[in-house]
Protein chains: 2
Amino acid sequence: MASLAEARALDDADPLAGYRRQFAIPPGLVYLDGNSLGALPLGTAARLGEVVRKEWGEGLVRSWNDAHWIEAPRRIGAIIAPLIGAQPGEVIACDSTSVNLFKLISAALLMRSGRKVVLSEPGNFPTDLYMIAGLEAQGLAERRLAERGGLEAALDEDVALLLLTHVHYKTGAMHDMAALTKAAHDAGALVLWDLSHSAGAVPVDLNGCEADLAVGCGYKYLNGGPGAPAFTYVAQRHHDAILQPLTGWMGHAAPFAFTDDYAPAPGIERMLTGTPPILGLAALEVGVAQIAEIGIDRLVAKSRALGAFLRAAMARFAPDLECVSPGDPAARGSQLSFRHPEAYALSQALIARGVIGDFRDPDILRFGLAPAYIRFEDCWHAAEALGEVLASGEWKREEFRQRAVVT
Amino acid sequence: MASLAEARALDDADPLAGYRRQFAIPPGLVYLDGNSLGALPLGTAARLGEVVRKEWGEGLVRSWNDAHWIEAPRRIGAIIAPLIGAQPGEVIACDSTSVNLFKLISAALLMRSGRKVVLSEPGNFPTDLYMIAGLEAQGLAERRLAERGGLEAALDEDVALLLLTHVHYKTGAMHDMAALTKAAHDAGALVLWDLSHSAGAVPVDLNGCEADLAVGCGYKYLNGGPGAPAFTYVAQRHHDAILQPLTGWMGHAAPFAFTDDYAPAPGIERMLTGTPPILGLAALEVGVAQIAEIGIDRLVAKSRALGAFLRAAMARFAPDLECVSPGDPAARGSQLSFRHPEAYALSQALIARGVIGDFRDPDILRFGLAPAYIRFEDCWHAAEALGEVLASGEWKREEFRQRAVVT
């Protein structure tokens, strides 16, 4: 049975333990919400200060060249690439995850003209489903949803694209990327993987799976900061054919020639649209560089060990709480989620005890395990606090039931 | 004839002179490129430090509520609104100018179904034309270009949208917003104004002109920093009907209910797509708050006085250089542009002398007059330096002809 002594022994033996000191974790806080907003890397503030005071303040417009701002989207994409099994020139950082989803769904529909169906699953992260809906309103797409287990059967000759989130944001259940990609290809469809809850925490091999397209989030396990730019992946073999409709000047073959007619850039830059958001990219670069330095294999090993320990601790302190995450670590993202009808009040009562997890409407209590900075002892304290919150009934207090704007 | 003494007298009498000290202008630099990248407000670095260290580092995910991050897009929009003749709830800050153009062009096509033509002018800023091209590739739009003077005649029953940039990025020529908006409406079309070179520098009265839609840039006269979020305007009367296709979760009526089906937010928030870029928004907020504090009337008066003085100084030092900007201050943006076949080399030779103007392919030398921080003496020095560069022929040196990536 899990114990505090065991947690501390695991932390002492953790080869990543030193990396925690590179993040600004408030003392006494147990932060199990790095899959909603990753913690602040210590290097970010200094780097942003340099970008603002020196590159912007002193360099001014010259910094597009002199400080290599113009190369930031591709440069950061190249750092992300090895975390997701991609080549450097296949990934680029830009816009939000939602905007990138729109670009890639649209591009897939153009590449599979004659087919209009975008297949996904009910309960996928809302923005993924909503971006299909936007194209549906334009008459360009038809949304089809099938439950897990029924996705392969729903792949017929009308399906242009299979769009799935690799790790489910609520349950943490992980799709079999290789098998589903193959099934989509066998049906003549392309596949788009949303890696928002994967990148930097679980093994992803886009090239190995022959995945066509992917997007991912910069502000979760990549620690890019609130609303950080997202990233887009396009397999090299599609670079000549792919056309996305948000054909802004930064995706042009010669952006500074200022011609009236659009000509797409030859490589991954054709996925760009507007002027790169340099402040957000600067923060993102610090975050991804740190995660890349640790390396995905060590992060995955730590993530799985944290998950196993948190499961054991929860079994001790809250044995009756239903766990909705898969038991097999290889089938699960870097999180454990539990179902309770009063999950919101529980999450608020935990916050009052210094344990930040996440509530997801209507009844999910989620603990994210960011392997770069979470300790086994954090898992212990979270489970212990939850046990006490449940046993005391303190979550029934009115103050814990009032919903904030952002839940 | 313009003189240095006159410039200094004008600076001494300038009611905005004190605002220059609120910007980080490098000593000795004449920066006439604030319409490409606005200067750094002194308050930005401190504010960003606070957002990073305190709100992100300490507040972590709680800051979406506690630090009011979630309200930033609307809050900043409300500060921009009076600069462009709009009501607070009609403007929202998000994404890039290009992405916002795509949303609004798409929305206009949905609102004028049956019409497919988007009318613009050749030589409009490229990204405006390219975003129409993207919708053309999707089969949703048809691009029609007509020269100035011929726009009214090109407005027929096929035109869904008239899309124009209010102040031309090269010449500074300003469209008659009221007249063209009326002409578009008379033809049953909507109108979308790109205010990238207008907001914060020239008078704009969107409500007074009954304009339907507008976008604008955050990193020029609003001093929001490199790649700052842009803004979108939708006239109140369209808020119930408008639907844009980038229907991300932040545009949903209840983003945190996590439902499978999209329902647009009731107000301007329906123009949102992904998670707001908090770092970029924080910097933008400092910039727009400062410009709003100065007030658009005083900025316009200063801008016109600067323009008149620079014209006079250029007439003294470079009398033979062709000015392509309108002579009438009321028909011109906050810039003066000149044509020369070696404009690139001239701009580089000027930079070597500490005068930063802008080159625009193929032959335009552009001086932007950001009224919040540019002095009359800056205009004098720029004209004097250009006169010397032309007279000496130093621009012919090889080093001034080598094109950088970003020109």
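- Looking at an unreviewed UniProt entry, chain A carries the name Kynureninase, with the source organism given as Croceibacterium salegens.
- Listed under Function (unreviewed entry) in UniProt, the entry text for chain A is "Catalyzes the cleavage of L-kynurenine (L-Kyn) and L-3-hydroxykynurenine (L-3OHKyn) into anthranilic acid (AA) and 3-hydroxyanthranilic acid (3-OHAA), respectively."
- Under the UniProt heading Subunit (unreviewed entry), the entry covering chain A gives this text: "Homodimer."

**Quick look at the sheet that holds strand E10 (residues 335-339) of chain A**
Strand pairs in the sheet, formed through backbone hydrogen bonds, run parallel or antiparallel to each other.
Residues and elements named next belong to chain A.
Inference 1: If you trace the four strands from one edge of the open sheet to the other, you get E9-E10-E13-E12, paired in antiparallel fashion. At either end of the open sheet lies a strand with only one pairing partner, and these are strand E9 (322-323) and strand E12 (358-360).
Inference 2: One ladder, built from two bridges, connects E9 with E10; its direction is antiparallel. In the sheet register, glutamate 322 faces E10, and the bridge partner there is arginine 339.
Inference 3: Of the strands in this sheet, E9, E10 and strand E13 (364-368) touch helix H10 (residues 296-317), which is tilted by about 30 degrees from E10.
Inference 4: With respect to the sheet, helix H11 (residues 343-352) is in contact with E12 and E13, its orientation differing from that of E13 by roughly 40 degrees.

**Some details on the interface of chain A and chain B**
Inference 1: With 85 residues of chain A at the interface, the matching set in chain B holds 86 residues.
Inference 2: With both sides pooled, the region where chain A packs onto chain B buries about 7,100 Å², and carbon together with sulfur makes up 69% of that total.
Inference 3: The largest per-residue losses of area from chain A upon contact with chain B belong to Trp56, Tyr130 and Phe258 of chain A, which jointly make up 12% of the total buried on that side.
Inference 4: Put simply, chain A and chain B have two salt bridges between them.
Inference 5: Counting the contacts that link chain A with chain B gives 27 residue pairs in polar contact (both at pLDDT 80 or more).
Inference 6: Those elements that provide at least two residues to the side of chain A that touches chain B are helix H2 (42-59), helix H3 (63-66), helix H5 (97-111), helix H6 (126-137), strand E4 (142-145) and helix H9 (278-294) of chain A.

**Section: the pairing of strand E8 (residues 230-234) of chain A**
Within a regular strand, the side chains alternate between the two sheet faces.
Residues and elements named next belong to chain A.
Inference 1: Counting buried positions along E8 yields five of five residues, so the element is predominantly enclosed.
Inference 2: Pairing analysis gives four bridges linking strand E2 (residues 91-94) to E8, with the strands arranged antiparallel. By the bridge assignment for E8, isoleucine 92 is matched with threonine 232.
Inference 3: Two strands pair when backbone bridges link them, and strand E7 (residues 213-216) and E8 are joined in this way by four bridges, in the antiparallel orientation. Considered in E8, the bridge of leucine 213 is made with valine 234.

**Structural notes on the relation of the copies chain A and chain B**
Inference 1: In screw terms, the move from chain A to chain B is a rotation of 180 degrees and a rise of 0.0 Å along the axis, fitting with an RMSD of 0.0 Å. The superposition of one copy onto the other is thereby described by a two-fold rotation axis.
Inference 2: A shared binding surface is used by both copies, with 100% of the interface residues of chain A retained as interface residues in chain B.

**Quick look at the sheet that holds strand E4 (residues 142-145) of chain B**
Residue and element names in this part refer to chain B.
Inference 1: Spatial ordering of the open sheet is given by E2-E8-E7-E6-E5-E3-E4, a layout of seven strands whose pairing is mixed. The sheet is open, and its two borders are formed by strand E2 (91-94) and E4, each paired with just one other strand. When the angles between neighbouring strand axes are averaged without regard to direction, this sheet yields 20 degrees.
Inference 2: Contacts from helix H6 (residues 126-137) reach strand E3 (117-120), E4, strand E5 (159-165) and strand E6 (190-194), with the element oriented near 145 degrees to E4.

**With respect to the UniProt feature "modified residue: N6-(pyridoxal phosphate)lysine" (unreviewed entry) in chain A**
All names here are of chain A.
Inference 1: The positions UniProt marks with the feature "modified residue: N6-(pyridoxal phosphate)lysine" (unreviewed entry) are Lys220.
Inference 2: Mapped onto the elements of the fold, lysine 220 is located in the loop between E7 and E8.
Inference 3: For lysine 220, a relative accessible area of 10% puts it in the buried group.
Inference 4: Aside from chain neighbours lying at most four places away, what touches lysine 220 is Gly34, Asn35, Ser36, Gly38, Ser196 and His197.

**Observations concerning the UniProt feature "binding site: pyridoxal 5'-phosphate" (unreviewed entry) in chain A**
Inference 1: When the UniProt feature table is mapped onto this chain numbering, "binding site: pyridoxal 5'-phosphate" (unreviewed entry) sits at Thr97, Ser98, Phe125, Pro126, Thr127, Asp128, Thr165, Asp194, His197, Tyr219, Trp249 and Thr275 of chain A. For the annotated residues, spread through 179 residues, the largest C-alpha to C-alpha distance comes to 30.4 Å, inconsistent with a single compact locus.
Inference 2: By relative accessible area, phenylalanine 125 of chain A is classed as buried at 15%.
Inference 3: What phenylalanine 125 of chain A contacts, discounting residues up to four positions off in sequence, is Thr165 and Tyr169 of chain A together with Trp249 and Phe258 of chain B.
Inference 4: With respect to the helices and strands, the residue histidine 197 of chain A is situated in the loop between strand E6 (190-194) and helix H8 (206-209).
Inference 5: What histidine 197 of chain A contacts, discounting residues up to four positions off in sequence, is Asn35, Val167, Tyr169, Lys220, Tyr221, Gln335 and Arg366 of chain A.

**Considerations on the side chain of aspartate 194 of chain B**
Residue and element names in this part refer to chain B.
Inference 1: Within the fold, aspartate 194 resides in strand E6.
Inference 2: As a buried residue without a salt bridge, aspartate 194 has its nearest oppositely charged side chain in lysine 220, at a separation of 8.5 Å.
Inference 3: Look past the residues within four positions of aspartate 194 in its chain and what remains in contact with it is Thr97, Leu101, Asp128, Leu164, Thr165, His166 and Val215.

**Quick look at the nonpolar core**
Inference 1: Ranked by size, the top nonpolar core spans 312 residues in total, and within it Ile84 and Ile105 of chain A together with Ile84 and Ile105 of chain B carry the most contacts.
Inference 2: The contacts of isoleucine 84 of chain B, once residues within four sequence positions are left out, are Val91, Leu195, Ala199, Val204, Asp205, Leu206 and Phe231 of chain B.

**Some details on the packing of aromatic side chains**
Inference 1: Scanning the entire structure with this criterion turns up 29 aromatic pairs over all chains.
Inference 2: Measuring from ring centre to ring centre gives 4.8 Å for phenylalanine 23 of chain B and tyrosine 373 of chain B, while their planes differ by 50 degrees; the resulting arrangement is tilted. Of this pair, phenylalanine 23 of chain B sits in the loop between helix H1 (4-13) and strand E1 (30-31) while tyrosine 373 of chain B sits in the loop between strand E13 (364-368) and helix H13 (376-392), and the two are 350 residues apart along the sequence. Taken individually, phenylalanine 23 of chain B and tyrosine 373 of chain B each receive the classification buried, so the pair is uniform in this respect.
Inference 3: The ring of tyrosine 344 of chain A carries arginine 403 of chain A above its face, with NZ or CZ at 4.8 Å from the centroid.

Scoring rules and cut-offs
Residues numbered from 1 in each chain as written. Chains lettered and ligands numbered in written order. Predicted model: local features only at pLDDT ≥ 70, side-chain atom pairs only at ≥ 80, totals over all residues. Heavy atoms only, no water. UniProt positions renumbered as here; feature names shortened; annotations may be inferred. Pairing = 2+ DSSP bridges. Helix = DSSP H or I, 4+ residues; strand = E, 2+ residues; numbered from the N terminus. Contact = heavy atoms within 4.5 Å. Axes fitted to C-alpha atoms, helices over the stretch in contact; angles between N-to-C directions. Buried area = accessible area lost by both parts, 1.4 Å probe. Salt bridge = Lys/Arg side-chain N within 4 Å of Asp/Glu carboxyl O. Polar contact = N/O pair within 3.5 Å; in protein donor to acceptor, adjacent residues only side chain to side chain. Buried < 20%, exposed > 50% of the residue type's maximum accessible area, 1.4 Å probe, protein only. Least-squares fit on C-alpha atoms with pLDDT ≥ 70 in both. Lys, Arg positive; Asp, Glu negative; His and termini not counted. Core = buried A, V, L, I, M, F, W, Y, C linked by side-chain atoms within 4.5 Å. Phe/Tyr/Trp six-rings, centres within 6.5 Å; stacked < 30°, edge-to-face > 60°. Lys NZ or Arg CZ within 6 Å of the ring centre and 35° of its normal.

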